[in-house]
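Architecture at a glance
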Amino acid sequence: QQQVKQSPQSLIVQKGGISIINCAYENTAFDYFPWYQQFPGKGPALLIAIRPDVSEKKEGRFTISFNKSAKQFSLHIMDSQPGDSATYFCAAMSSGNTPLVFGKGTRLSVIA
Amino acid sequence: KAGVTQTPRYLIKTRGQQVTLSCSPISGHRSVSWYQQTPGQGLQFLFEYFSETQRNKGNFPGRFSGRQFSNSRSEMNVSTLELGDSALYLCASSSQGTHDTGELFFGEGSRLTVL
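Notes on the structure follow. (Residues numbered from 1 in each chain as written. Chains lettered and ligands numbered in written order. Predicted model: local features only at pLDDT ≥ 70, side-chain atom pairs only at ≥ 80, totals over all residues. Heavy atoms only, no water.)

**Quick word on the overall build of chain A**
Within chain A, the regular secondary structure consists of 0 helices and 11 strands. The C-alpha extent of chain A, read off along each of the three principal axes, is 45 × 30 × 20 Å. Within the span of chain A, comprising 112 residues, buried residues form 44% of the whole. Summarising the internal contacts of chain A: among those between residues at least 6 apart in sequence, 53% fall at separations of at least 24. Considering chain A, the positive charge centre built from 11 side chains and the negative charge centre built from 7 side chains are found 6 Å apart. (Helix = DSSP H or I, 4+ residues; strand = E, 2+ residues; numbered from the N terminus. Buried < 20%, exposed > 50% of the residue type's maximum accessible area, 1.4 Å probe, protein only. Contact = heavy atoms within 4.5 Å. Lys, Arg positive; Asp, Glu negative; His and termini not counted. Charge placed at Lys NZ, Arg CZ, Asp CG, Glu CD.)

**Side note on the state of the cysteines**
Residue and element names in this part refer to chain A. By the definition in use, this model includes 2 disulfides over all chains. Shown here is the disulfide that connects C23 with C90, its sulfur atoms set 1.8 Å apart. The sign of the S-S torsion, about -95 degrees, decides the handedness of the disulfide formed by C23 and C90: left-handed. Of this pair, C23 sits in strand β3 (residues 19–25) while C90 is found in strand β9 (residues 86–92), placing the two residues 67 residues apart along the sequence. By the burial criterion, C23 is buried, and C90 matches it. (Disulfide = S-S within 2.5 Å.)

**Here we look at unusual backbone geometry**
At the junction of S7(A) and P8(A), the peptide bond is cis and its omega measures out at -5 degrees in the coordinates. Counting through the fold element by element, P8(A) comes out in the loop between β1 (4–7) and β2 (10–14). Each neighbour pair has its own omega, and for T7(B) with P8(B) the value is -10 degrees, a cis peptide bond. Take P8(B): it is sitting in the loop between β1 (5–7) and β2 (10–13). If you check the backbone angles, K71(A) has positive phi at about 55 degrees while not being a glycine. Tracing the chain through its elements places K71(A) in the loop between β7 (62–67) and β8 (72–77). Unusually for a residue other than glycine, T80(B) sits at a positive phi of about 45 degrees. Mapped onto the secondary structure, T80(B) falls in the loop between β8 (74–78) and β9 (87–94).

**Focus: the sheet that holds β7(A)**
All names here are of chain A. Spatially, the 5 strands line up as an open sheet ordered β1-β3-β8-β7-β6, and their pairing is antiparallel. What marks the edges here is a single partner per strand, and that holds for β1 and β6 (56–59). On average, adjacent strands in this sheet sit at an angle of 15 degrees to one another, irrespective of strand direction. Judged from the 6 bridges that link them, β7 and β8 form a sheet pairing that is antiparallel. By the bridge assignment, N67 is partnered in β8 with Q72. (Pairing = 2+ DSSP bridges. Axes fitted to C-alpha atoms, helices over the stretch in contact; angles between N-to-C directions.)

**Brief notes about the interface of chain B and chain A**
Where interface size is quoted, it is often the accessible area lost as the parts come together. If you look at the interface, chain B gives 22 residues, while chain A gives 20 residues. Of the roughly 1,700 Å² buried between chain B and chain A, counting both surfaces, carbon and sulfur atoms make up 51%. For the salt bridge of K42(A) with E108(B), the shortest nitrogen-to-oxygen distance reads 2.8 Å. Inspection of the chain B/chain A interface yields 4 residue pairs in polar contact (both at pLDDT 80 or more). For the side of chain B that touches chain A, the secondary-structure elements that each account for two or more residues are β4 (31–38), β5 (42–50), β6 (53–57), β9 and α1 (98–101) of chain B. With 4 residues, the top contributor of residues to the side of chain B that touches chain A is α1(B). (Buried area = accessible area lost by both parts, 1.4 Å probe. Salt bridge = Lys/Arg side-chain N within 4 Å of Asp/Glu carboxyl O. Polar contact = N/O pair within 3.5 Å; in protein donor to acceptor, adjacent residues only side chain to side chain.)

Structure below.
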């Protein structure tokens, strides 16, 4: 049973456009929602994270939107650049020494 | 500060063999987690070790095992390899455990091919 569902599987965006990746979860005990970015040949790296006490968090061009009632959260990349081309993973976890569970990933390609 | 180091980076095995992968976490990190990454399934949690004790275990068969040493270095072993075990195995370390900050620091992985 997949605990975090991520969509789309792949995404092509024009340079300067907005990239949007969505995730949904079922476990209401989840209280931490990070996004990881992975470049080819590298391990994933933390990009941005949010806790459910806020509905939005912004860091530079990256924004997480969180909808607790819908149990959904999304990553928005503004002014997308070719250097943003990577695989993005949403994840979720609950407090208490539980593991981080990941979505299946979205391969983003930003074309000029 | 050195990052997470995984060895070997690439290896090829045949069905039925076993393999041992090694992970050296960031200095001072006591938690080591292992994930299997495949194109169709994304990142799937294998297990987490904290201070030499297995703290969490994912839904993988008993052929997958691991351990952590007193210096926090970790190894994972896969016995009786199957074709479906071909994957990128990622190790991640964190300072105290994922529940604190949720930030995992990943290595570059060990890519296993089973023929």
